[in-house]
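Each chain is listed here by its residues.
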Amino acid sequence: MSRTASDTDGSPEPEAEQPPPEDDHAFLGHPRGLATLSGLEVWERFSFLGMQAILVLYFADTVANGGLGMNPGTAASVSAAYGTMVYLASVAGGWLADRILGSYRAVLWGGILIACGHYAMAVPTAAMTWVGLGLISAGTGLLKPNVATMVGKLYRTDDDRRDAGFALYYMSINIGAFAGPLITGWLGEHQGWHRGFSAAAIGMTFGLIQYVMGRRHLAGRRHSAEFALAPAAMRRAVWRIVAGCVAFAVIATLLALAGRLTMDRFVDLLTLVSVIAPVVYFAVMFRSPRVTAPERGRLRPYVVLFFASVAFNFILFQAYSTMMLLASTNARTTILGFDFPASWYASALGAFEVALAPVVAALWARMGPRQPHASNKIAIGVILGGLSFLLMVIPTSGHDGDAYRMAAWWIVGSYLLLGLGDVLLETSGMSATTKLAPKAFSSQTMALWFLSLALANGIQAQVVKLYDQVSHPVYFGVNGAVAVAVGLAVLALAPWLRRTMHPVH
């Protein structure tokens, strides 16, 4: 489709500013823009989780085998710190979309940075690994909060298809989560880790191509930010951002060369920032004069959902760190005579979510207004996440070291519980976030949801250091029990949450 005048003169397209009509059922009963955004996420998750499935193994592998030679606890901690950096960047991504770029361009530039980062990681040097991880962190910070916000703009707040639409969107995400580790895992463990990273780069490139081709179907697309800064203020902001990034890079490099900024100190710094950032962000939103009293009231229950997300994602992200390490050392990698890479276990999580997401979507659509409240869906998801770790206490009990091999079905069963919990929590959480968001902070409130993921990773970066210092039953048992306790607490708050989260149901 050729570009129109409104595509080039910066004026908004009226049809791109409003949700599509309620009779738009072109994509499985949902607006056709959902296909474009879901397709982008298929490839973004293919690249991101495909790389993540082998990242901790790459860190822990010997230098002779092409790895970085870290001990398991350090490898898991650095991997979690990378995740912290990814989701901390979402704060800047949400602000840039709201004030400078607009959602469409923020997602586009984010995807370009992600692709460049994966291409950098395909270069077999340690230095390019860190450059690549930095680019991916910045790109994901631009893409993730804003693409989810664009999904929310496809529906009116009272559209009963909304939760089902997010479930389908999340199912699409997990098609990439399933396929990514299969490809990158096989290449990484058979052809070299950097071959696996190159597959992630090619996948992100495909995602960008289909996103640009399907842009005309996206509601809320405009070429200026929805709450754009004045021209003079925008120029100052851009210069300050560029200057800040350059200064940070120079200072970090100098401190590293002087031996003052070690990897452990950098991980600790990221954890500290992950704790401070959401506190500051909530304070700014609660005090902002652009947030109305009713919007401020809906932010209070959102704090509870935020901490529920932290508890669940603390477990979920370990599917790609401690669970990968456990699979590589203490789980069988043969099923029915077929040998497979340990990283393929990560695909089981994606497979379960692909299978379960449409079932959950159909169930919510069938129940309509009778479906459970969003807070109850989230609480059940947290409990299932905790149970997935408690299950691992059974096969790891009575064993020590790397001499034993558990049956593959234990890890598969753990991922089944975790996958169902993920479908329940993430779809309901993202949907509730777009409904509870103050209008003046629409993309940034989505970024606040991702700050819960940053905090989960920040906490994980510290806790996983204990992975090779305590017994496996203790490690998985304590972490799982804490998550279950948080889920039960959210269930206990259900009456207050239902009352204060209106019109979310």
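Residues numbered from 1 in each chain as written. Predicted model: local features only at pLDDT ≥ 70, side-chain atom pairs only at ≥ 80, totals over all residues. Heavy atoms only, no water.

S.K.: Please explain empty space enclosed by the protein as it appears in this structure.
M.R.: Summed over all chains, the structure comprises 3 cavities of 30 Å³ or more. Of the pockets and cavities examined, the largest cavity occupies roughly 300 Å³. Lining the largest cavity are 24 residues, with Arg 45, Tyr 87, Tyr 170, Leu 316 and Phe 317 positioned closest to its centre. Breaking the lining of the largest cavity down by element, the ones donating at least two residues are α3 (33–60), α4 (72–101), α7 (162–190), α11 (293–316), α13 (345–367), α16 (408–436) and α17 (442–463). Looking at the lining of the largest cavity residue by residue, the class counts come to 13 nonpolar, 6 polar and 5 charged. (1 Å grid on protein atoms, 1.4 Å probe; cavity = no way out; pocket = protein on both sides within 12 Å on 5 of 7 lines; lining within 4 Å. Points joined across faces, edges and corners; volume = space filled by probe spheres on them. Helix = DSSP H or I, 4+ residues; strand = E, 2+ residues; numbered from the N terminus. Nonpolar A, V, L, I, M, F, W, Y, C, P; charged D, E, K, R; others polar.)

S.K.: What am I meant to see in the confidence of the model for the protein here?
M.R.: Should pLDDT be low for a region, the predicted coordinates there are not to be read in detail. The share of residues in the protein with pLDDT of 70 or more is 88%, and the mean pLDDT across the chain is 82. By mean pLDDT, helix α1 (residues 5–8) is the weakest element of the protein at 36, and helix α18 (residues 472–492) is the strongest at 94. For the stretch residues 1–16, pLDDT sits under 50, and the model shows 18 contacts to residues farther than four places along the chain or on other chains. (pLDDT = per-residue confidence, 0-100. Contact = heavy atoms within 4.5 Å.)

S.K.: Help me understand the pattern of salt bridges, please; the structure alone is not making it clear to me.
M.R.: Once the charged atoms of two side chains with opposite charge are near each other, the side chains can pair. Evaluated as defined, the whole model comprises 3 salt bridges. Lys 144 is paired through a salt bridge with Glu 41; the nearest N and O atoms lie 3.1 Å apart. Here Glu 41 lies in helix α3 and Lys 144 lies in helix α6 (residues 126–152), a separation of 103 residues in the sequence. For the residue pair Lys 144 and Glu 41, the accessibility class agrees, reading buried in each case. Between Lys 465 and Asp 268 there is a salt bridge; the shortest N-O distance is 3.2 Å. Taken together, the residues span a long stretch of sequence, with Lys 465 in the loop between α17 and α18 and Asp 268 in helix α10 (residues 263–287) at a distance of 197 residues. (Salt bridge = Lys/Arg side-chain N within 4 Å of Asp/Glu carboxyl O. Buried < 20%, exposed > 50% of the residue type's maximum accessible area, 1.4 Å probe, protein only.)

S.K.: What is the right way to read the layout of surface pockets from this model?
M.R.: If you roll a probe as big as a water molecule over the atoms, it shows you where there is empty space left. Reported here for the largest pocket is a volume of approximately 1,900 Å³. What lines the largest pocket is a set of 45 residues, and nearest its centre among them are Met 85, Gly 134, Ala 138, Cys 245 and Phe 248. Where the lining of the largest pocket is concerned, the elements lending two or more residues are α4, α5 (103–121), α6, α9 (231–257) and α10. It is α4 that contributes the most residues to the lining of the largest pocket, 13 residues altogether.

S.K.: Would you explain helix α12 (residues 322–330) in this entry?
M.R.: Since the α-helix packs 3.6 residues into each turn, any two residues three or four apart lie on the same face. Here α12 lies mainly inside the structure; 7 of its 9 residues are buried. Turning to α12, its buried residues number three or more, namely Thr 322, Met 323, Met 324, Leu 325, Leu 326, Ala 327 and Asn 330.

S.K.: For this particular structure, what's the right way to read the side chain of Glu 295?
M.R.: Mapped onto the elements, Glu 295 comes out in helix α11. Buried charged residue Glu 295 carries no salt bridge. Nearest counter-charge: Arg 298, at 4.9 Å. For Glu 295, the contacting residues outside a window of four places in its chain are Arg 290, Ala 437, Pro 438 and Lys 439. (Lys, Arg positive; Asp, Glu negative; His and termini not counted.)

S.K.: Can you help me understand the nonpolar core in this one?
M.R.: Generally speaking, nonpolar side chains in soluble globular proteins are found buried as a group. Among the nonpolar cores identified, the biggest contains 96 residues, and Met 51, Tyr 345, Ile 411 and Tyr 415 are the most heavily contacted of them. The residues touching Tyr 415, leaving out its near neighbours within four places in the chain, are Ala 319, Met 323, Met 324, Tyr 345, Ala 346, Ala 348, Leu 349 and Phe 352. Core analysis: the next-biggest nonpolar cluster, separate from the first, contains 33 residues, Ala 115, Met 150, Phe 166 and Leu 424 among them. (Core = buried A, V, L, I, M, F, W, Y, C linked by side-chain atoms within 4.5 Å.)

S.K.: Explain helix α8 (residues 193–213) here, please?
M.R.: In a regular helix each residue adds 1.5 Å, so 21 residues correspond to 30 Å; α8 covers 32 Å between its end C-alpha atoms and thus fits that length. Those residues of α8 that fall on the buried side of the exposure criterion are Trp 193, His 194, Gly 196, Phe 197, Ala 199, Ala 200, Ala 201, Gly 203, Met 204, Gly 207, Leu 208 and Tyr 211. (Expected span 1.5 Å × (residues − 1).)

S.K.: Just to check I follow, could you spell out the packing of aromatic side chains for this structure?
M.R.: Each aromatic ring pair is summarised here by two numbers: the centre-to-centre distance and the angle between the ring planes. Scanning all chains against the criterion turns up 16 aromatic pairs. Look at Phe 59 and Trp 130: their rings are 5.8 Å apart centre to centre, the planes differ by 25°, and that puts the pair in the stacked class. With Phe 59 in helix α3 and Trp 130 in helix α6, this pair connects stretches of sequence that are 71 residues apart. With 6.4 Å between their ring centres and 35° between their planes, Phe 282 and Phe 286 make a pair best called tilted. Placement of both Phe 282 and Phe 286 in helix α10 is noted, with a separation of 4 residues, approximately one turn of the helix. (Phe/Tyr/Trp six-rings, centres within 6.5 Å; stacked < 30°, edge-to-face > 60°.)

S.K.: Got a minute to help me understand the packing of α11 against helix α14 (residues 374–391) in this structure?
M.R.: Each packed pair of helices is defined by two parameters, the angle between the axes and the distance between the axes. At their nearest, the axes of α11 and α14 sit 9 Å apart, and the two run at 25° to each other. On the basis of their axis angle, the class for α11 and α14 is roughly parallel. Note that α11 runs across α14; the crossing there is left-handed. On α14, the residues that touch Leu 305, Ala 308, Ala 311, Phe 312 and Ile 315 of α11 are Ser 375, Ile 378, Gly 381, Val 382, Gly 385, Ser 388 and Phe 389. Looking at the contact of α11 with α14, its residues break down into 8 nonpolar, 4 polar and no charged. (Axes fitted to C-alpha atoms, helices over the stretch in contact; angles between N-to-C directions. Parallel < 35°, antiparallel > 145°, perpendicular 65-115°, else oblique. Left-handed = near helix turned anticlockwise from the far one by under 90°.)

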